Amino acid sequence: MLVTIIFFIFGLIFGSFFQVVGLRLPKGESIIKPASHCTNCDKKLKWYELIPILSYIIQSGKCRNCNKHISIKYPLYELLTGICFALCYVVFGFTTDIIIPLTLVSALIIVIISDIEYMIIPDEVLFIGTVLILIETIILKGWNSGLHAFIGGLFGFILMYVIKLAGDFIFKAESLGGGDIKLFFMLGLVFNFDTIVVILFLASFFALPYAISIMLMKKDNVVPYGPFISLTAISLILLKTTNLSIIELLNYLV
């Protein structure tokens, strides 16, 4: 129980950092400078104003200097990361098996943040995540597994690229962003071919009601797909399900 709590706390801390990455990279800003500050009054935040979740609660969700409301999304991002880190420990234990899941979850949470806020998936995050997972796979499982993972990444990329071409042709407009396509390369390193299709299916299934509601309320047809892909992938990795076919999924549902 104590180790689970420690992982949760570390998750909260990393979640705060992931927000900085997810919010600054798409704007081409440094993740180091300037120091954390209020985006409304630019006041540099003190250390006690940066404690994950607690600072938000103590300050009643407002900046101490200008009294500007702080979005509830920020502590929720921290909470999501904390829960995911804790669950990674519960599922995989304090072993080498936890390394790749933690790396993948970390990259996906940054993807969620940046895509929700700006509808952009930073190439830097996907590149670093992909390289780390590939290196970790080779070190932990050997060169053959690394090669197999790379082929899986190519499959995920090609699958999404073909779907994009078909979607662009049918709808006469951009149907998928380049970030979504590259995201599936990273996922293909971890999940097998069948599970990549399952992730695509489930993400589309959960995204559809949201897309319809957005179109009805805002008359807009642009929906961030990355968060649905990422949350689906995180759910499957935490269920230790990297080898699941559509047929098996349907059997579970039925």
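Everything below is about the structure shown above.
Residues numbered from 1 in each chain as written. Predicted model: local features only at pLDDT ≥ 70, side-chain atom pairs only at ≥ 80, totals over all residues. Heavy atoms only, no water.

Once that is clear, we can look at the packing of helix H4 (residues 99-118) against helix H9 (residues 226-238). Running from amino to carboxyl end, H4 crosses H9 at an angle of 160°, the nearest separation of the two axes being 8 Å. Accordingly, the angle class assigned to the pair H4 and H9 is roughly antiparallel. In this structure, H4 crosses over H9, and the sense of that crossing is left-handed. Contact with H4, carried on its side by Pro 101, Val 105, Leu 108, Ile 109, Val 111, Ile 112, Asp 115 and Ile 116, involves Gly 226, Pro 227, Ser 230, Leu 231, Ala 233, Ile 234 and Ile 237 of H9 and no other residues of that element. (Axes fitted to C-alpha atoms, helices over the stretch in contact; angles between N-to-C directions. Helix = DSSP H or I, 4+ residues; strand = E, 2+ residues; numbered from the N terminus. Parallel < 35°, antiparallel > 145°, perpendicular 65-115°, else oblique. Left-handed = near helix turned anticlockwise from the far one by under 90°. Contact = heavy atoms within 4.5 Å.)

Turning our attention to the packing of aromatic side chains. With the rule as written, the count across this model stands at eleven aromatic pairs. When the centroid spacing of 6.5 Å and the interplanar angle of 20° are considered together, the rings of Phe 201 and Phe 205 count as stacked. Linking Phe 201 with Phe 205, this pair stays in helix H8 (residues 193-218), spanning four residues, or about one helical turn. For Phe 201, a relative accessible area of 39% gives the class partly exposed. Judged by relative accessible area, Phe 205 falls into the exposed class, the value being 52%. An aromatic cluster of three or more residues is present, and its members are Phe 14, Phe 17, Phe 18 and Phe 85. (Phe/Tyr/Trp six-rings, centres within 6.5 Å; stacked < 30°, edge-to-face > 60°. Buried < 20%, exposed > 50% of the residue type's maximum accessible area, 1.4 Å probe, protein only.)

As a further point, take the pattern of salt bridges. Per the stated rule, a full pass over the model turns up three salt bridges. Notably, a salt bridge pairs Lys 27 with Glu 29, separated by 3.6 Å at the nearest N-O pair. Since its relative accessible area comes to 37%, Glu 29 is described here as partly exposed. (Salt bridge = Lys/Arg side-chain N within 4 Å of Asp/Glu carboxyl O.)

What follows concerns the side chain of Ser 230. Examined against the element boundaries, Ser 230 turns out to sit in helix H9. The exposure class assigned to Ser 230 is buried, which follows from its relative accessible area of 0%. If sequence neighbours within four positions are ignored, Ser 230 has contacts with Leu 108, Val 111, Ile 112 and Leu 183.

On the surface, Met 1, Leu 2, Ile 5, Ile 6, Ile 9, Phe 10, Ile 13, Phe 14, Phe 17, Ile 31 and Ile 32 cluster together into a nonpolar patch covering about 1,100 Å² of accessible area. Residue placement: Met 1 occurs in the segment before helix H1 (2-24). (Patch = residues over 30% accessible without salt bridge, like charges linked within 9 Å, V, L, I, M, F, W, Y side chains within 5 Å. Areas by Shrake-Rupley, 256 points an atom, 1.4 Å probe, with all protein chains shown as cover.)

Time to look at H9. A rise of 1.5 Å per residue sets the reference length of H9, with its 13 residues, at 18 Å; its end C-alpha atoms lie 18 Å apart and thus fit the reference within 8%. With eleven of 13 residues buried, H9 is to be regarded as a mostly interior element. Within the span of H9, buried status applies to Gly 226, Pro 227, Phe 228, Ile 229, Ser 230, Thr 232, Ala 233, Ile 234, Leu 236, Ile 237 and Leu 238. Lys 240 sits one or two positions beyond H9 and adopts a positive phi of about 60°. (Expected span 1.5 Å × (residues − 1).)

Counting residues in each nonpolar core, the largest one holds 54 residues, and the members touching the most others are Leu 183, Leu 187, Phe 191 and Tyr 225. Those elements that place two or more of their residues in this core are H1, helix H3 (73-92), H4, helix H5 (123-141), helix H6 (143-171), helix H7 (178-188), H8 and H9. When residues of this core are assigned to their parent elements, the largest contribution, eleven residues, is made by H4. In this view, Leu 183 contacts Leu 108, Val 111, Ile 121, Leu 126, Gly 226, Ile 229 and Ser 230; residues no more than four positions away in its chain are not counted. (Core = buried A, V, L, I, M, F, W, Y, C linked by side-chain atoms within 4.5 Å.)

This next bit is on H4. For H4, with 20 residues, the first-to-last C-alpha span of 29 Å sits near the 28 Å given by 1.5 Å per residue. Burial runs high along H4: 16 of the 20 residues are buried. Directly beyond the C-terminal end of H4, a positive phi value near 55° is found at Met 119.

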